[in-house]
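Descriptive analysis of the structure
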Amino acid sequence: MSTVVMNNVVSLDGFIADLHDDPGPLFEWYFNGDRTLAAQDMDDPAPGGLRVSQTSYDYVRPVWDSIGSMVIGRHLFDITNGWEGRPPAGDHVVVVSHRPRPEGWHPEASYHFVDDVTAAIATARELAGERTVSVAAGDVGGQALALGLVDEVAMDVVPVVFGTGKRYFGSVETQHLLDDPEVVIQGDRVLHLRFKVRGPRT
């Protein structure tokens, strides 16, 4: 069965973007290295594309390659316009939304609109097969964690303090215990961390 991993770039104080959905310096490490990192939705990593340190490349490339499906919220879908129907990683995207696919929007794209987080994870698992299900952090990721549907939490921690913004774990209020990090990799202006989830604290 596939592993469900909640992941995102995050500030030291736990935010994935400011209140206006601007990630600010959180993505700068994607452009400060000399190793080209081609995202799946890019035909050609032209000059100015993603270029990370070798250390980050060695971690990120196999992580991206392992993804079979993604689960995102409707807000992220709307902000990115669903990456124009081309998943940045994996072959399928499951969108948690009470609204259907926009009329006429890339009918060929393997995007599935599901109105329930539990059903979305189940759909993504089926689509991913033995590959990883990547759940975007934020409200949807937080809901999946609270429901006990997340196996691991992956964070690319950037040394910046936002103060306010969109929280990595959304509106999760219950304490959840994680194991000690099984991945601790220091890149250039980013720290890659990965934890297995124990479950809610009782």
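Scroll up for the structure.
Residues numbered from 1 in each chain as written. Predicted model: local features only at pLDDT ≥ 70, side-chain atom pairs only at ≥ 80, totals over all residues. Heavy atoms only, no water.

**Description of the packing of aromatic side chains**
This is how it is decided: For Phe, Tyr and Trp, rings pair up if their centres lie within 6.5 Å, where Trp contributes its six-membered ring, and each pair is then called stacked (planes under 30 degrees apart), edge-to-face (over 60) or tilted (otherwise). Each residue is placed in one exposure class: buried if its accessible area under a 1.4 Å probe, protein chains only, is under 20% of its type's maximum, exposed if it is over 50%, and partly exposed if it falls in between.
Enumeration over the complete set of coordinates arrives at eight aromatic pairs. Ring geometry for Phe27 and Tyr30: centres 5.7 Å apart, planes at 70°, overall edge-to-face. By relative accessible area, Phe27 is classed as partly exposed at 36%. Plain terms: the ring middles of Phe77 and Tyr111 are 6.3 Å apart, the flat faces sit at 65° to each other, and that makes the pair edge-to-face.

**As for helix 3 (residues 117-128)**
This is how the line gets drawn: Think of it this way: any DSSP run of H or I at least four residues long counts as a helix, any run of E at least two long counts as a strand, and we number them from the N terminus. A helix is expected to span 1.5 Å multiplied by its residue count minus one. Working note: the arc is built from the helix axis to C-beta atom directions. In what follows, a contact means two residues having at least one pair of non-hydrogen atoms within 4.5 Å. Polar contact is the term for a pair of N or O atoms within 3.5 Å; when the atoms are in protein, one must be able to donate a hydrogen and the other to accept it, and sequence-neighboring residues count only if both atoms are side-chain atoms.
In this model, helix 3 (12 residues) spans 16 Å end to end at C-alpha, consistent with the 16 Å of a helix rising 1.5 Å per residue. Of the residues making up helix 3, those classed as buried are Val117, Ala120, Ile121, Ala124 and Ala128. Each buried residue of helix 3 sits inside an arc of 95° when the element is viewed along its axis, so together they form one side. Buried residues belonging to helix 3 abut strand 1 (4-11), strand 5 (67-73), strand 6 (92-96), strand 7 (111-114), strand 8 (132-136) and helix 4 (139-146). Of the residues flanking the start of helix 3, the one acting as N-cap is Asp116, its side-chain oxygen 3.0 Å from the backbone nitrogen of Thr118. One or two residues past the end of helix 3 sits Gly129, with phi positive at roughly 65°.

**What to know about the side chain of Thr132**
Mapped onto the fold, Thr132 is located in strand 8. Exposure remark for Thr132: the relative accessible area of 14% places this residue in the buried category. Beyond its immediate stretch of four places on either side in the chain, Thr132 contacts Thr3, Val5, Ser66, Ile67, Gly68 and Ser69.

**Quick look at the nonpolar core**
The condition is simple: Among buried residues, the Ala, Val, Leu, Ile, Met, Phe, Trp, Tyr and Cys ones that are joined through side-chain atoms within 4.5 Å form a nonpolar core.
Core analysis: the largest hydrophobic core is formed by 28 residues, its most contacted members being Val71, Ile121, Val133, Val135, Val150 and Tyr168. The dominant element in this core, judged by the number of residues it contributes, is helix 3, at five residues. If you look at the next biggest cluster of nonpolar residues, it comprises 21 residues, including Ala39, Tyr59, Val60 and Phe162.

**Here we look at the pairing of strand 6**
Defined as follows: DSSP bridges decide pairing: two strands pair if at least two such bridges lie between them.
Along strand 6, five of the five residues are buried, which leaves the element largely enclosed by surrounding structure. With burial as the criterion, each face of strand 6 is covered, one bearing His92, Val94 and Val96 and the other bearing Val93 and Val95. Relative to strand 6, strand 5 runs parallel, the two being bridged by five bridges. By the bridge assignment, Ile72 is partnered in strand 6 with Val95. Note: strand 6 against strand 7, four bridges, orientation parallel. Note on strand 7: the bridge partner recorded for Val94 is His112.

**A word on helix 1 (residues 54-66)**
With 13 residues, helix 1 should reach 18 Å at 1.5 Å per residue; the first-to-last C-alpha distance of 19 Å fits that figure. Buried within helix 1 are the following residues: Ser56, Tyr57, Tyr59, Val60, Arg61, Val63 and Trp64. In this structure, the buried residues of helix 1 make contact with strand 3 (35-36), strand 4 (51-52), strand 5, strand 9 (152-158), strand 12 (183-186) and strand 13 (191-200).

**Considering the layout of surface pockets**
Under the convention used in this document: Buriedness of a pocket was judged along seven lines, with at least five required to meet protein on both sides within 12 Å; pockets are open sets of points on a 1 Å grid over the protein atoms alone, cavities are sets where a 1.4 Å probe fits but cannot get out, and lining residues have an atom within 4 Å of a point. Grid points are joined across faces, edges and corners, and a volume is the space filled by probe spheres set on the points.
Here the largest pocket is characterised by a volume of approximately 1,300 Å³. Forming the boundary of the largest pocket are 50 residues, of which Asn8, Phe27, Leu76, Trp83 and Ala136 lie nearest the centre.

**As for the pattern of salt bridges**
Note on pairing: side chains with opposite charge can pair once their charged atoms come close. The condition that has to hold: One speaks of a salt bridge when a side-chain nitrogen belonging to Lys or Arg is within 4 Å of a carboxyl oxygen belonging to Asp or Glu.
Applying the stated criterion across every chain yields a total of 10 salt bridges. Residue Asp78 is joined to Arg74 by a salt bridge in which the shortest nitrogen-to-oxygen separation is 3.1 Å. In this pair, Asp78 and Arg74 both sit in helix 2 (residues 74-80), four residues apart, roughly one turn of the helix. Classification of Asp78 as partly exposed rests on a relative accessible area of 40%. By sharing partners, the salt bridges in this structure join Glu152, Glu182, Arg194 and Lys196 into a single network.

**Brief notes about the environment of Val172**
With respect to the element layout, Val172 can be found in the loop between strand 10 (166-167) and strand 11 (176-178). Accessibility expressed as a relative area gives 18% for Val172, which makes it buried. Between the C-alpha atom of Val172 and that of Asp139, which follows or precedes it by 33 residues, the distance is 8.3 Å. With near-sequence residues (within four places) excluded, Val172 lies in contact with Gly142 and Arg167.

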